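# Chains, contacts and geometry: an overview
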Amino acid sequence: MRGESPRSRRGPGRVRTASAAVAAAVLAGTGALAGCTSSDSASPGSATKAAGPSPRPTPVWDRSPGSVAAVGDSITRGFDACGVLVDCPEVSWSTGTDSGVRSLAYRLLGGPAAEGPPAARLAENSWNLAETGARMADLPDQMARAARYGPELVTVMVGANDACRRSAAQMTPVAAFKASFEESLRLLRAGAPKAQVYVSSVPDLKRLWSTGRGNPLGRQVWKLGICATMLGDAQDDSKGAQKRRNMVYDRVVAYNDTLKGVCAKDVRCRYDGGEVFDFRFTGKQLSHWDWFHPSKNGQSRLAEIAYRNVTAAEPPA
């Protein structure tokens, strides 16, 4: 004969008592989860704290940085904007002091536009480290120097000279372009880990050729060797010339894809969404000395694009 199980020995009364105790415990627990208070609460005010709003996380991107360092090439140096074949950093889209251009630094650091920024404030809080003729391989050194100033924002515009070579075969390979850009960001992070980076896309060199080729003076200056891969034999519309220019165009597109992809991996990096590449420079916005680099008007348009993107709540799509 089998012995009685522990359950069968309890009897109906004990089972009902145990069930009531369990139900009471469940009800008590439910009340606690609902925020009910009693003398057994964990601590005074604990329910009030739980009901309060959660603190908002601090945004990573600062829309009003207080200092700007510029790295890159001739565009950021204002090359050919004030005179023939000379730099003019005072009209630079990034850190220039010219009140007509109203550079990114001018707009960020200057206060009311009507008054303009104190020259001393710009001099103390902005640095133009770009170099005419620079390619992406030169950017790591520029970025390391920029980090020493401890800037809150670094602007980057480089890549045109990687595509502007004597021949298409000499254009910087995309893999090398990417490696140098990654190294540049690594060096910046080593010296200025919280610095923000605003990356401009490389301009559409083919569109610049198309806009400036109709000017006789510009074509004469182009013969000096400016961006031979795109501007050489400017009036040649043969299949060979078209193929060469298309190769340059495709390489610039690949460079911009690289800038976008590498920047996306850094939470403090913001790419312009291709706005500079898409911008349609007119004759008014090109240098009247070489019809290729931005004029003062063109520099101002670049500054507008940069300021809009740097101060936007969300990065460009």
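Every value quoted in this text rests on a predicted model; they were computed, and no experiment measured them.

## Notes on the overall build of the protein chain
The helix and strand tally for the protein chain stands at 14 helices and five strands. Taken over 317 residues, the protein chain has a buried fraction of 45%. For the protein chain, contacts bridging at least 24 residues in sequence account for 71% of all contacts bridging at least 6. Taken as a whole, the protein chain presents about 16500 Å² of accessible surface, with 54% of it coming from carbon and sulfur.

## Digging into the state of the cysteines
With the rule as written, the count across this model stands at three disulfides. One disulfide in the model links cysteine 164 with cysteine 227; its S-S distance is 2.0 Å. Across the disulfide from cysteine 164 to cysteine 227, rotation about the S-S bond amounts to roughly -75°, and the bridge is consequently left-handed. Taken as a pair, cysteine 164 in the loop between helix H7 (160–163) and helix H8 (174–191) and cysteine 227 in the loop between helix H10 (216–222) and helix H11 (228–231) lie far apart in primary sequence, 63 residues in all. In this structure cysteine 164 comes out as buried when scored by relative accessible area, which is 14%. A residue is classified by how much of its surface remains accessible, and cysteine 227, at 6% relative accessible area, is buried. Paired through a disulfide, cysteine 263 and cysteine 269 show a sulfur-sulfur distance of 2.0 Å. Of note, the bridge from cysteine 263 to cysteine 269 carries an S-S torsion of about -115° and is left-handed in sense. Judged by relative accessible area, which is 11%, cysteine 269 ranks as buried. Here the protein chain pairs its bonded cysteines, counted in sequence order, in the arrangement 1-2, 3-4, 5-6.

## Notes on the sheet that holds strand S1 (residues 68–72)
An order of S2-S1-S3-S4-S5 is seen for the five strands of this open sheet, with the pairing classed as parallel. Only two strands of the sheet have a single neighbouring strand rather than two, namely strand S2 (126–128) and strand S5 (269–271). Sheet twist, expressed as the average angle between the axes of neighbouring strands with direction ignored, equals 15°. Note that S1 and strand S3 (residues 153–157) share five bridges and pair parallel. Looking at the pairing, alanine 69 lines up with valine 154 of S3. Each of S1 and S3 touches helix H6 (residues 139–148); the most contacted strand, S1, lies at about 170° to it.

## Looking at the pattern of salt bridges
This structure, assessed with the given rule, holds nine salt bridges. We note a salt bridge from arginine 213 to aspartate 237, for which the minimum N-O separation is 3.2 Å. On the criterion of sequence distance, the pair formed by arginine 213 in the loop between helix H9 (205–212) and H10 and aspartate 237 in the loop between H11 and helix H12 (239–263) is long-range, its members being 24 residues apart. Owing to a relative accessible area of 19%, arginine 213 belongs among the buried residues under this scheme.

## Brief notes about the side chain of asparagine 256
Inspection of the secondary structure puts asparagine 256 in helix H12. Under the relative-accessibility criterion, asparagine 256 is labelled buried at 6%.

## Looking at the side chain of serine 295
The topology assignment puts serine 295 in the loop between helix H13 (275–278) and helix H14 (296–311). Once you skip the residues sitting within four places of it in the chain, serine 295 turns out to touch Ala81, Lys284, Gln285, Leu286 and Ser287.

## Details of a nonpolar patch on the surface
Taken together, the side chains of Val84, Leu85, Leu224 and Trp289 define a hydrophobic patch exposed on the protein surface, amounting to about 380 Å² of accessible area. Relative to the helices and strands, tryptophan 289 is located in the loop between H13 and H14.

## Side note on unusual backbone geometry
In the Ramachandran plot, aspartate 80 falls in the positive-phi region, its phi being about 65° despite a non-glycine side chain. Considering the arrangement of structural elements, one finds aspartate 80 in the loop between S1 and helix H4 (104–109). Assessed through its relative accessible area of 0%, aspartate 80 is described here as buried. Its identity is not glycine, yet tryptophan 291 carries a phi of approximately 50°, on the positive side. Its location among the elements puts tryptophan 291 in the loop between H13 and H14.

## Regarding the packing of H9 against H12
Two numbers describe how H9 lies on H12: the axes approach to 8 Å, and their chain directions differ by 135°. In terms of their interaxial angle, H9 and H12 are classed as oblique. Residues Leu205, Lys206 and Trp209 of H9 touch H12, and the partners they reach there are Arg245, Asn246, Val248, Tyr249 and Val252. Considered class by class, the residues forming the contact of H9 with H12 number five nonpolar, one polar and two charged.

Reading the values: rules and limits
- Residues numbered from 1 in each chain as written.
- Predicted model: local features only at pLDDT ≥ 70, side-chain atom pairs only at ≥ 80, totals over all residues.
- Heavy atoms only, no water.
- Helix = DSSP H or I, 4+ residues; strand = E, 2+ residues; numbered from the N terminus.
- Buried < 20%, exposed > 50% of the residue type's maximum accessible area, 1.4 Å probe, protein only.
- Contact = heavy atoms within 4.5 Å.
- Areas by Shrake-Rupley, 256 points an atom, 1.4 Å probe, with all protein chains shown as cover.
- Disulfide = S-S within 2.5 Å.
- Pairing = 2+ DSSP bridges.
- Axes fitted to C-alpha atoms, helices over the stretch in contact; angles between N-to-C directions.
- Salt bridge = Lys/Arg side-chain N within 4 Å of Asp/Glu carboxyl O.
- Patch = residues over 30% accessible without salt bridge, like charges linked within 9 Å, V, L, I, M, F, W, Y side chains within 5 Å.
- Parallel < 35°, antiparallel > 145°, perpendicular 65-115°, else oblique.
- Nonpolar A, V, L, I, M, F, W, Y, C, P; charged D, E, K, R; others polar.

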